[in-house]
Amino acid sequence: MHPSRVTILFTSLAVVTISSIGMSTFALFMPPIQMEFGWSRSMATVPYTAAMIGWAAGAVLFGKLADDFGARRVILGGVVLMALGFAGMGISRNVWQLVLSYGVMVGMAMGACGLAIVSLLVSKHFEASDRGFAVSVIQTAPPFSALLFPPLAYALMHKYDWRMAALAGGVLLACVALPLAWIGARDPRHEARHGAGRASWGDCLPHLRDRRMMILFAARISCGVAFFQIAHLVALTLSKGFSVAAGATALSVFGGAAIASALLFGWLSDRYGRARMLGLSYLVRGAGTLLLALNFTSEGWFFVAVAVAVGPTFGTVAIQNVMFYEMVGPRLAGVVLGLSFIVHQIGSATGPMLASIAFDRTGSYDGFMLVMAAVLIAAGLLVHSIPGPGPRARRPILVTSPAES
């Protein structure tokens, strides 16, 4: 019996929440790995760097496979690959084994069972009037994962060691995420029976030359660069004169705001138009980033600025993923989502480094915050100008009716 679309939505949410441990827990693994092997901090970071590269490459590769063979096979394969990667991580004895297990296997698996492919799967099952909110539900998975699993991993490390925590991650993926993916990772019936029809790599070129697509890709870069606010959030808190404890609270504020804003902006995009609400999300982030450049007399106002500046991040990503899907259709959405993710990763790799350089030279993040605010506001104005049908007039691009799935 084919599961309902609600079952598909919530099992997919659970799968992505679990698979997000691939990125949400490494910060906990790095210190004990560094201590055990006697490595430098840069050496201990090598597996993470390899994982970022693997994630970007996997996003395009697995996006194309999802277009050709369906998302179900890709998601199931990704969960298995990540489970094996965590198991391999737990028995690794040198740097190349960690690079292979975590960097290559876990990193590439994120491109198969992470946000992009699962967003593609969910997009196929929901009509345009509900698609934005449905995909935004999936976007809440990373902040949920960051709230749930790092404390559990830390407890295992404290009682046993980091290897046991890694092995437990593999067991969680194999025994919980894989059965859930088997139940809920289902392509629409028509695709499952007949296939979506393969498209060549070159078929996406006309779409990539479209002015609307160029604007979205440019905005995607600015979104990625702004991810420095997440990476530097604790350091930013300290630079404002607050404590490490306040930095930890700021991370929690970000997580809660990210969940709420993803759902809100997804819902608004279904009712008031994708481009309008995507533009609004960038404008809100830009205004919040301006606030973060100010000096604060109390932690409370600083947390408000964090919620406004960083909270809407996953709302932005949710709407963009839906727009990519609706602009190119299900036969090419995997490839285009993968390419957009590479663009995003270039920005997210560059942003933290630029912020670090700015802080080293000036002793403050404020100047870079002002520049980033201007970039986000410009992106919001550009995206808002993208023409398109109203939300009620938009036709879903589906190979079958969601009601039949």
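Presented here is a report on the structure given in the accompanying data block. (Residues numbered from 1 in each chain as written. Predicted model: local features only at pLDDT ≥ 70, side-chain atom pairs only at ≥ 80, totals over all residues. Heavy atoms only, no water.)

**Structural notes on empty space enclosed by the protein**
Using the criterion set out here, one finds one cavity of 30 Å³ or more in the structure. In this structure, the largest cavity occupies an estimated 30 Å³ of space. As for the largest cavity, its lining consists of Thr11, Ser12, Val15, Ile75, Val118, Leu180, Ala181, Gly184 and Ala185. Contributions of two or more residues to the lining of the largest cavity are made by helix H1 (5-19) and helix H10 (162-184). Here the residues of the lining of the largest cavity are counted per class, giving six nonpolar, three polar and no charged. (1 Å grid on protein atoms, 1.4 Å probe; cavity = no way out; pocket = protein on both sides within 12 Å on 5 of 7 lines; lining within 4 Å. Points joined across faces, edges and corners; volume = space filled by probe spheres on them. Helix = DSSP H or I, 4+ residues; strand = E, 2+ residues; numbered from the N terminus. Nonpolar A, V, L, I, M, F, W, Y, C, P; charged D, E, K, R; others polar.)

**Focus: the environment of Leu121**
Turning to its location among the elements, Leu121 is positioned in helix H7 (residues 115-125). Counting along the chain gives 26 residues from Leu121 to Leu147, while the straight-line C-alpha distance between them is 25 Å. Contact partners of Leu121, with chain neighbours within four places excluded, come to Ile8, Ser12, Ala71, Ile75, Gly184, Ala185, Arg186 and Asp187. (Contact = heavy atoms within 4.5 Å.)

**Topic: the environment of Arg189**
Mapped onto the fold, Arg189 is located in helix H11 (residues 189-194). The class for Arg189 is partly exposed, based on a relative accessible area of 39%. C-alpha separation for the pair Arg189 and Val336, spaced 147 residues apart in sequence, amounts to 23 Å. (Buried < 20%, exposed > 50% of the residue type's maximum accessible area, 1.4 Å probe, protein only.)

**Some remarks on the pattern of salt bridges**
With the rule as written, the count across this model stands at nine salt bridges. We note a salt bridge from Arg163 to Glu36, for which the minimum N-O separation is 2.7 Å. You can see Arg163 sitting in helix H10 and its partner Glu36 sitting in helix H3 (residues 26-37), a full 127 residues away along the chain. We classify Arg163 as buried; its relative accessible area is 8%. Using a relative accessible area of 42% as the deciding quantity, one classes Glu36 as partly exposed. Asp210 serves as the salt-bridge partner of Arg212, at 3.2 Å between the closest nitrogen and oxygen. (Salt bridge = Lys/Arg side-chain N within 4 Å of Asp/Glu carboxyl O.)

**A few points about the side chain of Ser340**
The residue Ser340 is located in helix H20 (residues 333-362) in this model. Here Arg220 takes part through its side chain, which lies 3.2 Å from a polar atom of the side chain of Ser340. In contact with Ser340, other than residues within four places in its own chain, are Phe217, Arg220 and Phe324. (Polar contact = N/O pair within 3.5 Å; in protein donor to acceptor, adjacent residues only side chain to side chain.)

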